[in-house]
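Structure at a glance
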Amino acid sequence: MPDSQPVTPVTFPPAFLWGAATSAYQIEGAVREDGRTPSIWDTFSHTPGKTAGGETGDIAVDHYHRFRDDVALMADLGLTAYRFSISWSRVQPTGRGPAVQRGLDFYRKLVDELLAHGIKPAVTLYHWDLPQELEDAGGWPERDTANRFAEYAQIVGEALGDRVEQWITLNEPWCSAFLGYASGVHAPGRTEPVAALRAAHHLNLAHGLGTKALRSVMPARNQVAVSLNSSVVRAASDDPADLAARQRIDDLANGIFHGPMLHGAYPQTLLTDTAPLTDWGFVQDGDLALAKQPLDALGLNYYTPTLVASAASAPAGPRADGHGESAHSPWPGADDIAFLQTPGERTEMGWTIDPSGLHELIMRYTREVPGLPIYITENGAAYDDKPDPDGKVHDPERIAYLHGHLTAVRRAIEDGADVRGYYLWSLMDNFEWSYGYGKRFGAVYVDYATLQRTPKSSALWYGQAARAGALPSVEAV
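Residues numbered from 1 in each chain as written. Predicted model: local features only at pLDDT ≥ 70, side-chain atom pairs only at ≥ 80, totals over all residues. Heavy atoms only, no water.

As recorded by an unreviewed UniProt entry, the protein carries the name Beta-glucosidase and is attributed to Streptomyces fuscus. Its UniProt record, at the heading Sequence similarities (unreviewed entry), says of the protein: "Belongs to the glycosyl hydrolase 1 family." Among the UniProt annotations of the protein, the heading Catalytic activity (unreviewed entry) holds the following wording: "Hydrolysis of terminal, non-reducing beta-D-glucosyl residues with release of beta-D-glucose." (UniProt positions renumbered as here; feature names shortened; annotations may be inferred.)

This is how it looks when you write it as structure tokens:
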């Protein structure tokens, strides 16, 4: 009798999408070409001290000029889907008025190239790069920004809706609101807790108005979704104070967006806990009904769980929430809550590797909105990747990370979740926001001096998975 039985392969449904994701400011470059004007990230990255080494997305990885080669690379790897974002200020430079057709033409050509290679495009309308003129008028804390977003959504929907079936209104609105306006580690770099709460509400409103605008101009077959970086928040103990801390952070991380978008209401506990900061008078009659538009799918982004405790019971130490260093908290009204480092192996971002959190997240939303299809719109890891002397880039840590998290996705499917696709973050190394070019999330290595692309071993492994619809062993490449 053999010592071991053959390992049952981890297989996926035939229609499962195997994708990768990027965002405009992180890869495109060409920031002053064809009518594009500055976004808040152009301004922020050019402000001394805001990004590592003063690095910017001016060139990034020059995808604007190299997109055809990048699409051919995706096809060579066997990807079946690609999620990218639109640069708002490339399409509508002031955030108002008519579109710049040269800007839209880039995305038309990109979509055509993807379709010609059999790759399904998924468009994200907003991945953090608000036109600077709209920020000068107050940004997301101002209600009019939501109206401007709806106008922009209609423009892009009219231009691409005949060829793109998958649409995402906002990517990680939590980061836009709380890293941009509370802790200030992201553009526009403001540190105003009440403004952050206002921004969160207007992002909810923008999602609803944008969804209505898209549906007014697109074929009924098209799917509209939103991508939330919903946190898996865990309490450090069963102590009532720690459990109460978990609920408060869950409200600020999750309920503040999925409450309005999925259920048409903010959690009452959120309103109560933030009452010392604001009476939420910026919420107008009808706003929550607008935010709760029927969705065709839900996008979930996951990297690592969050561990919290009552500050009274926790040892003193830095705020280990994984969202960058700042003297200002991204958690309004939660200064009495401690964020603890979860145990286990970590990525270069310092984030603990825990695939069980992805399974937990999927099952939470499967219970909360039964019947709503789910896509994993971001999941991945940063490692200190370097080419070998032979020019190859071996990243076995990332292969193990992907194998673990994709296994968690498959387990969720077995447990009844309707997960229809996975988008690896990221297709290639790129500008990693305030970290500059120091953190490499890509499955494809980019030499920033020459901009040459080299698929890492993880890209080859993921391509095998995409072609087979099953996970190879971690030693397969």
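On to the side chain of Asp 70. With respect to the helices and strands, Asp 70 occurs in helix H3 (residues 63-77). For Asp 70, a relative accessible area of 2% corresponds to the buried category. Ignoring anything within four residues of it in the chain, the contact list for Asp 70 reads His 63, Met 428 and Arg 453. (Helix = DSSP H or I, 4+ residues; strand = E, 2+ residues; numbered from the N terminus. Buried < 20%, exposed > 50% of the residue type's maximum accessible area, 1.4 Å probe, protein only. Contact = heavy atoms within 4.5 Å.)

Those residues carrying the UniProt feature "active site" (unreviewed entry) are Glu 378 in this numbering. In this fold, Glu 378 is placed in strand S10 (residues 374-379). Of the residues examined, Glu 378 reaches a relative accessible area of 4% and is grouped as buried. If near-sequence neighbours (up to four positions away) are discounted, Glu 378 is found in contact with Arg 83, His 127, Asn 171, Glu 172, Leu 300, Asn 301, Tyr 302, Tyr 303, Tyr 423 and Trp 425.

To continue, consider the sheet that holds strand S11 (residues 419-425). A barrel is described by the order of its strands in space; here eight strands give the closed sequence S1-S2-S3-S4-S5-S7-S10-S11, paired in parallel fashion. Going from strand to strand, the sheet's axes swing by 25° on average, the running direction of each strand aside. Pairing of strand S1 (residues 17-21) with S11 involves five bridges; the strand directions are parallel. Its bridge partner being in S11, Ala 20 is matched across the sheet by Leu 424. (Pairing = 2+ DSSP bridges. Axes fitted to C-alpha atoms, helices over the stretch in contact; angles between N-to-C directions.)

Here we take up the pattern of salt bridges. The tally for this structure, following the rule as stated, stands at 33 salt bridges. Linking Asp 429 and Arg 440 is a salt bridge whose minimum nitrogen-to-oxygen distance equals 2.6 Å. Taken together, the residues span a long stretch of sequence, with Asp 429 in the loop between S11 and strand S12 (444-446) and Arg 440 in the loop between S11 and S12 at a distance of 11 residues. Owing to a relative accessible area of 12%, Arg 440 belongs among the buried residues under this scheme. (Salt bridge = Lys/Arg side-chain N within 4 Å of Asp/Glu carboxyl O.)

The next thing to look at is the sheet that holds strand S8 (residues 306-310). Taken in spatial order, the three strands line up as S6-S8-S9 in an open sheet, and their pairing is mixed. Each edge of the open sheet carries a strand with a single partner, namely strand S6 (233-235) and strand S9 (337-340). Strand-to-strand twist in this sheet, taken as the mean axis angle between neighbours without regard to direction, amounts to 40°. Relative to S9, S8 runs antiparallel, the two sharing four bridges. Counted as the bridge partner of Val 308 is Phe 339 from S9.

All right, on to the packing of aromatic side chains then. Centre-to-centre distance and the angle between the planes together describe a pair of aromatic rings. Considering all chains together, one arrives at 33 aromatic pairs under this definition. With centroids separated by 4.8 Å and ring planes inclined at 50°, the aromatic side chains of Tyr 266 and Trp 280 adopt a geometry described as tilted. Linking Tyr 266 in the loop between helix H10 (240-263) and helix H11 (268-273) with Trp 280 in the loop between H11 and helix H12 (287-291), this pair joins segments that are 14 residues apart in sequence. A single burial state applies to Tyr 266 and to Trp 280, both of which are buried. An aromatic cluster is built from Tyr 25, Trp 41, Phe 44, Trp 128, Phe 431, Trp 433, Tyr 437 and Tyr 448, whose rings are joined through pairwise contacts. (Phe/Tyr/Trp six-rings, centres within 6.5 Å; stacked < 30°, edge-to-face > 60°.)

Turning to H10, a few remarks are in order. Look at H10: only 27 Å from first C-alpha to last across 24 residues, short of the 34 Å you get at 1.5 Å a residue. At Gly 255, H10 shows its maximal bend, which comes to roughly 55°. Measuring from the backbone nitrogen of Ala 241 back to the side-chain oxygen at the start of H10 gives 2.7 Å, which picks out Asp 239 as the cap. Immediately downstream of H10, the backbone of Gly 264 shows phi near 75°, a positive value. (Expected span 1.5 Å × (residues − 1). Bend = angle between axes of the 7 residues up to and from the residue. Polar contact = N/O pair within 3.5 Å; in protein donor to acceptor, adjacent residues only side chain to side chain.)

Right, let's talk about the environment of Thr 145 for a bit. Within the secondary structure, Thr 145 sits in helix H7 (residues 144-160). On the basis of relative accessible area, Thr 145 is assigned to the buried category, the value being 4%. Measuring from C-alpha to C-alpha, the distance between Thr 145 and Pro 373 comes to 29 Å, with 228 residues separating the pair along the chain. Not counting the four nearest positions on each side in its chain, Thr 145 is found in contact with Trp 88, Leu 130, Gly 139 and Trp 140.

With that out of the way, let us pick up unusual backbone geometry. Backbone torsion omega between Ala 187 and Pro 188 reads 5°, so that peptide bond is classified as cis. Cis geometry is found at the peptide bond from Trp 425 to Ser 426, where omega equals 5°. Although it is not a glycine, Trp 433 sits at a positive phi angle of roughly 50°. Locating Trp 433 in the fold gives a position in the loop between S11 and S12. Phi at Leu 451 is positive, roughly 65°, even though this residue is not glycine.

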